[in-house]
Amino acid sequence: MYALVKTGGKQYRVAKDDTILVERIAAEEGDQVVLDNIIMLGDGDKVTVGTPNVEGAGVSATVMRQTRGPKIIIFRRKRRKNHRRTQGHRQDLTLLKINDIAEDAKKLAAPKAAAKKAASKKAVAPKAEAAPKADAAPKKAAPKKAAVKKASDAAPKKAAPKKAAAKKK
C-alpha cells in the first residue's frame, strides 16, 4: 500500500517503512505524528483519488530527527553598478519514518492519543496547585519595576563637551 501525502507545500509518495525528509514539523524526536492531508491511496489495483483529499485517510509517522538542509548561497549582482549582495540560507527539515498507512486515520491516532491525554492530565494537576503561588509573585515584582524606573531617572548627566585645542601658527 502507498499514499501520496502533501506536507510543507510538497507532495511525497510514501509506503510503510519509508523515510522522508520534509519541511519542519513542530514535534520532538521520537514523537508520533499523523499526516492527514492524503491526496491519493493505492493498494494494488485499487486506487482512491481524493477530491482534493481522501476523507478520513491518514499516515502515521515517527519523527526520527530535526535537522537542517545544505547551505544555499543567494548572490545578487547588478552589472556596471558595483552592486553585489550575498546571502545564505539553510532550510529546517524533519526526518520522518512512515509507520502505517490507513484509510481510517482514527485507527492510527486512538491508542497514542489516549496515552497523551492521560499524561497531560497528570501534568495539569500540579499546575493547578501552583496557580495561587503564581498570583502572589506579580504583586511582589511590581515594586521592583518601580525601583528600576526611579534608578533610570537618576542617571548621571552627560559630561560637558571638551574645548577645541588652540591652533598653531
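Coordinates for the structure precede this section.
A brief structural summary. Bear in mind that the values here come from a model prediction, so they are computed numbers and not experimental data.

**Quick look at a positive patch on the surface**
Here comes step 1: A cluster of basic side chains, namely R77, K78, R79, R80, K81 and R84, defines a positive patch on the protein surface.
Here comes step 2: Residue placement: R77 occurs in strand β8 (residues 72-78).
Here comes step 3: We classify R77 as exposed; its relative accessible area is 58%.

**A closer look at the sheet that holds strand β3 (residues 19-23)**
Here comes step 1: An order of β3-β10-β7-β4 is seen for the four strands of this open sheet, with the pairing classed as antiparallel. Each edge of the sheet is formed by a strand with only one pairing partner; in this case those strands are β3 and β4 (32-35). Pairs of neighbouring strands in the sheet enclose a mean axial angle of 45 degrees, with direction left out of account.
Here comes step 2: Direction of pairing for β3 relative to strand β10 (residues 92-102): antiparallel, over a ladder of five bridges. Bridged to E23 within β10 is L93.

**A few points about the nonpolar core**
Here comes step 1: Membership of the largest hydrophobic core comes to 20 residues, with the highest contact counts inside it found for A3, V14, V59 and L96.
Here comes step 2: Listed by contribution, the elements that provide at least two residues to this core are β1 (2-7), β2 (10-15), β3, β4, β5 (38-43), β7 (58-68) and β10.
Here comes step 3: Not counting residues up to four positions away in its chain, the partners in contact with A3 are Y12, R13, V14, I38, M40, L41, V59 and I101.

**Details of the environment of V14**
Here comes step 1: Residue placement: V14 occurs in strand β2.
Here comes step 2: The exposure class of V14 is buried, given its relative accessible area of 1%.
Here comes step 3: In this structure the C-alpha to C-alpha distance between V14 and A3, which are eleven residues apart in sequence, comes to 5.4 Å.
Here comes step 4: Residue contacts for V14: discarding those within four places in its chain leaves M1, Y2, A3, V5, I20, V59, I98 and I101.

**Examining unusual backbone geometry**
Here comes step 1: The omega angle of the peptide bond from T51 to P52 is -5 degrees, so this bond is cis rather than trans.
Here comes step 2: By the element assignment, P52 lies in the loop between β6 (46-49) and β7.
Here comes step 3: In this structure, D17 takes a positive phi of about 70 degrees despite not being glycine.
Here comes step 4: Secondary-structure assignment places D17 in the loop between β2 and β3.
Here comes step 5: Residue R80 is not a glycine yet carries a positive backbone phi of 60 degrees.
Here comes step 6: Along the chain, R80 falls in the loop between β8 and β9 (83-89).

**A closer look at the pattern of salt bridges**
Here comes step 1: By the definition in use, this model includes three salt bridges.
Here comes step 2: Close ionic contact of K46 with E103 constitutes a salt bridge, the shortest N to O distance being 3.4 Å. Linking K46 in strand β6 with E103 in the loop between β10 and α1 (105-153), this pair joins segments that are 57 residues apart in sequence.
Here comes step 3: Close ionic contact of R68 with D92 constitutes a salt bridge, the shortest N to O distance being 3.3 Å. In this pair, R68 is assigned in strand β7 and D92 in strand β10, connecting sequence segments 24 residues apart.
Here comes step 4: Of the residues examined, D92 reaches a relative accessible area of 33% and is grouped as partly exposed.

Definitions and cut-offs
- Residues numbered from 1 in each chain as written.
- Predicted model: local features only at pLDDT ≥ 70, side-chain atom pairs only at ≥ 80, totals over all residues.
- Heavy atoms only, no water.
- Patch = residues over 30% accessible without salt bridge, like charges linked within 9 Å, V, L, I, M, F, W, Y side chains within 5 Å.
- Areas by Shrake-Rupley, 256 points an atom, 1.4 Å probe, with all protein chains shown as cover.
- Salt bridge = Lys/Arg side-chain N within 4 Å of Asp/Glu carboxyl O.
- Lys, Arg positive; Asp, Glu negative; His and termini not counted.
- Charge placed at Lys NZ, Arg CZ, Asp CG, Glu CD.
- Helix = DSSP H or I, 4+ residues; strand = E, 2+ residues; numbered from the N terminus.
- Buried < 20%, exposed > 50% of the residue type's maximum accessible area, 1.4 Å probe, protein only.
- Pairing = 2+ DSSP bridges.
- Axes fitted to C-alpha atoms, helices over the stretch in contact; angles between N-to-C directions.
- Core = buried A, V, L, I, M, F, W, Y, C linked by side-chain atoms within 4.5 Å.
- Contact = heavy atoms within 4.5 Å.

By themselves these figures say nothing about function.
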